[in-house]
Amino acid sequence: MTYRIVHYINQFYAGIGGEEKADHRPELREGFVGPGMQIEKLFNGEGKVVGTVICGDGYYGEHTEEARAACLEMIKSLKPDILFAGPAFNAGRYGFACGDIAASAGEELNIPTVTAMYPENPGVELYSKKTYIAITSDSARGMSKAVPAMVKIGGKLLKGEKMGPARLEGYIHRGIRKSFFHEKSGADRAVEMLLAKLRKEDFRTEYEMPVFNKIPPAAPVKDLKTATIALISSGGIVPKGNPDHIRVSSAESFGSYDISEIKNMTPDNYESIHGGYDREWANQDPDVVLPLDIMRELEAEGVFAKIHPIFYTTTGTGTAVANAERFGQEIGEELKKAGVDAAILTST
Amino acid sequence: MTREIERVAGIPVVQIATIVPIMLTVGTNRVVPGVAIPHPTGNPAMGPEGDKAVRRELLLRSFKAMTTPITEQTIFEK
């Protein structure tokens, strides 16, 4: 049989234009356009690019819902066996569009999808779990390797061949771990790794830790005496009764409470609902987690100008990193608007 | 959370917590090591006065952290 291939590309690779044409609306063309020629060639008669969906990167990024719906409709009409998108290299908006359309088509049409990007493309973080992303260099100079990498993965998916580990197959890890029997026990392997590490030899962990972003430190507060300082906690300190039902673990929300009238946290007004530590001390005196009493003293002494009237709080146990980051962004926006100069965040 | 507040608001955010390596891993820039996991900003075992003294010292250290220019992640020890 001949596989029906659909290819998604942007305005640039379709030869329509560069940035000035980035608002190009979704368009369907018969057969291959641009890099699709090489895709079809690599299938060696086993597959045919039946259509190419083209959309401007700006349009996809700014009108994502409409662009996705229109592109999906076009893809669907072609009854594809597989969708390829890109390669997007290190183009951020193109990577987003390729990842989004590949993930959506995979989900909606239940077909394999493959795209290709440079590992630092922002599309990787967003979509690596939802589609296959072949690893490419950072620019179109790597086209001659990128297309075969996509096609190799796509071919395996179409034929139902066993997919090996990401680092051997050349795609970005999808966060999937497969169980299998190893000839050596875990203890043996751990000791071997440790010995290699001690000898400063290369070794590969079997359980990679997530990579967190780092940011340059913010400039310091210039004059503490005129500074407004906000208090924030992930220690689960909430008004007694937890009025906003913040979860005791795996929090999906944070609370913001007016503490301008509160001098001291006591078991009568505040409590801890955190599910990840022994709350005995926090419930006897919440100040051991959120130090409001002494902050009020230092405020009265004029060490700094004032405590920000709103206190932000959530529970940081089992909380998804993405949620914690979102809380941080939303709290950050509010502090910025309020003109707060610095913050103290306590965690348990 | 600390990192994103600092990034979005553009202000120094001092984190007081006990497990320093976690703070460094998640990208906290100004770290003040806390007393213990269940009571980072106090020490009930030291009685009410001792507890408050610990808290005051930690907060003064946090002020020092937020007013100190730094170029990389920094732990502000006693």
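Analysis parameters
- Residues numbered from 1 in each chain as written.
- Chains lettered and ligands numbered in written order.
- Predicted model: local features only at pLDDT ≥ 70, side-chain atom pairs only at ≥ 80, totals over all residues.
- Helix = DSSP H or I, 4+ residues; strand = E, 2+ residues; numbered from the N terminus.
- Buried ≥ 20, exposed ≤ 12 C-beta atoms within 10 Å, placed from the backbone.
- Contact = placed C-beta atoms within 7 Å.
- Nonpolar A, V, L, I, M, F, W, Y, C, P; charged D, E, K, R; others polar.
- Pairing = 2+ DSSP bridges.
- Core = buried A, V, L, I, M, F, W, Y, C linked by C-beta atoms within 7 Å.
- pLDDT = per-residue confidence, 0-100.
- Axes fitted to C-alpha atoms, helices over the stretch in contact; angles between N-to-C directions.
- Expected span 1.5 Å × (residues − 1).
- Parallel < 35°, antiparallel > 145°, perpendicular 65-115°, else oblique.
- Left-handed = near helix turned anticlockwise from the far one by under 90°.

Quick word on the overall build of chain A
Inference 1: Along the backbone of chain A there are eleven helices and 13 strands.
Inference 2: Out of the 348 residues in chain A, the part that is buried amounts to 42%.
Inference 3: Summarising the internal contacts of chain A: among those between residues at least 6 apart in sequence, 73% fall at separations of at least 24.

Some thoughts on the interface of chain A and chain B
By convention, interface size is frequently given as the accessible area that disappears when the constituent parts associate.
Inference 1: Listed as interface residues are 44 residues of chain A and, on the opposing side, 41 residues of chain B.
Inference 2: Counting residues per element, the side of chain A that touches chain B draws most heavily on helix α11 (residues 321-338) of chain A, which supplies ten residues.
Inference 3: For the side of chain A that touches chain B, the class distribution of residues is 27 nonpolar, nine polar and eight charged.
Inference 4: Summarising the sheet, strand β13 (residues 342-346) of chain A and strand β1 (residues 13-17) of chain B pair through four bridges and their orientation is parallel. Across the sheet, Leu345 of chain A pairs through a bridge with Gln15 of chain B, a residue of β1 of chain B.

Observations regarding unusual backbone geometry
Residue and element names in this part refer to chain A.
Inference 1: The peptide bond linking Gly86 to Pro87 adopts the cis configuration, its omega dihedral lying at 5°.
Inference 2: You can see Pro87 is positioned in strand β4 (residues 82-89).
Inference 3: The phi angle at Lys200 is positive, at roughly 60°, despite the residue not being glycine.
Inference 4: Inspection of the secondary structure puts Lys200 in the loop between α8 (186-198) and β7 (228-233).
Inference 5: Look at Lys200 and you get exposed, because 7 C-beta atoms sit within 10 Å.
Inference 6: Although it is not a glycine, Asn242 sits at a positive phi angle of roughly 45°.
Inference 7: Here Asn242 shows up in the loop between β8 (237-239) and β9 (255-258).

Re the nonpolar core
Inference 1: Ranked by size, the top nonpolar core spans 54 residues in total, and within it Leu83, Ile133, Ala134 and Met150 of chain A carry the most contacts.
Inference 2: Looking at which element gives the most residues to this core, the answer is helix α4 (residues 92-109) of chain A, with eight residues.
Inference 3: Ignoring sequence-local partners within four residues, the contact set of Ile133 of chain A consists of Thr115, Ala116, Met117, Val124, Tyr127, Ser128, Tyr171 and Ile172 of chain A.
Inference 4: Judged by nonpolar contacts, the second largest core, of 52 residues, contains Ile229, Ala230 and Leu345 of chain A together with Val26 of chain B.

Points about the environment of Ala196 of chain A
Inference 1: Position of Ala196 of chain A among the secondary structure elements: in helix α8.
Inference 2: Other than its neighbours up to four places away in sequence, Ala196 of chain A contacts Glu201, Asp202 and Phe203 of chain A.

With respect to the pairing of strand β2 (residues 30-33) of chain B
All names here are of chain B.
Inference 1: In terms of strand pairing, β1 meets β2 through four bridges, oriented parallel. Note on β2: the bridge partner recorded for Ile16 is Val32.
Inference 2: Relative to strand β3 (residues 74-75), β2 runs parallel, the two being bridged by two bridges. Looking across to β3, one finds that Arg30 is bridged to Thr74.

A word on the confidence of the model for chain B
Inference 1: Confidence in the prediction for chain B averages 96 pLDDT; 100% of positions are at 70 or higher.
Inference 2: ipTM for the predicted complex: 0.98, alongside a pTM of 0.63.

Some thoughts on the sheet that holds strand β5 (residues 113-117) of chain A
All names here are of chain A.
Inference 1: Taking strand neighbours across the sheet as the criterion, the six strands line up as β2-β3-β1-β4-β5-β6 in an open arrangement whose pairing is mixed. Edge positions in the sheet fall to β2 (27-30) and β6 (132-135), since each has one partner strand and no second. Neighbour-to-neighbour, the strand axes of this sheet turn through a mean angle of 25°, independent of strand direction.
Inference 2: One ladder, built from four bridges, connects β4 with β5; its direction is parallel. Bridge pairing in β5 places Ala85 opposite Thr115.
Inference 3: Its contacts with the sheet place α4 against β1 (3-10), β3 (47-55), β4 and β5, and it is angled at close to 165° to β4.

Some remarks on helix α6 (residues 143-159) of chain A
Residues and elements named next belong to chain A.
Inference 1: When the terminal C-alpha atoms of α6 are compared, their 24 Å separation across 17 residues agrees well with the 24 Å that a helix rising 1.5 Å per residue should span.
Inference 2: Listing the buried residues of α6 in full gives Ala146, Val147, Ala149, Met150, Val151, Ile153 and Gly154.
Inference 3: On its buried face, α6 sits against α1 (36-42), β4, β5, β6 and α7 (166-169).
Inference 4: Positive phi shows up at Gly160, right after α6, with a value of about 70°.

Some details on the packing of helix α3 (residues 64-77) of chain A against α4 of chain A
Residue and element names in this part refer to chain A.
Inference 1: Taken N-terminus to C-terminus, the directions of α3 and α4 make an angle of 55°; their axes are 10 Å apart at the nearest point. Classed by the angle they form, the pair α3 and α4 counts as oblique. The two elements α3 and α4 meet at a crossing, and its hand is right-handed. Contacts between α3 and α4 involve Thr64, Arg68, Cys71, Leu72, Ile75 and Lys76 from the first element and Asp100, Ile101, Ser104, Ala105, Glu108 and Leu109 from the second.

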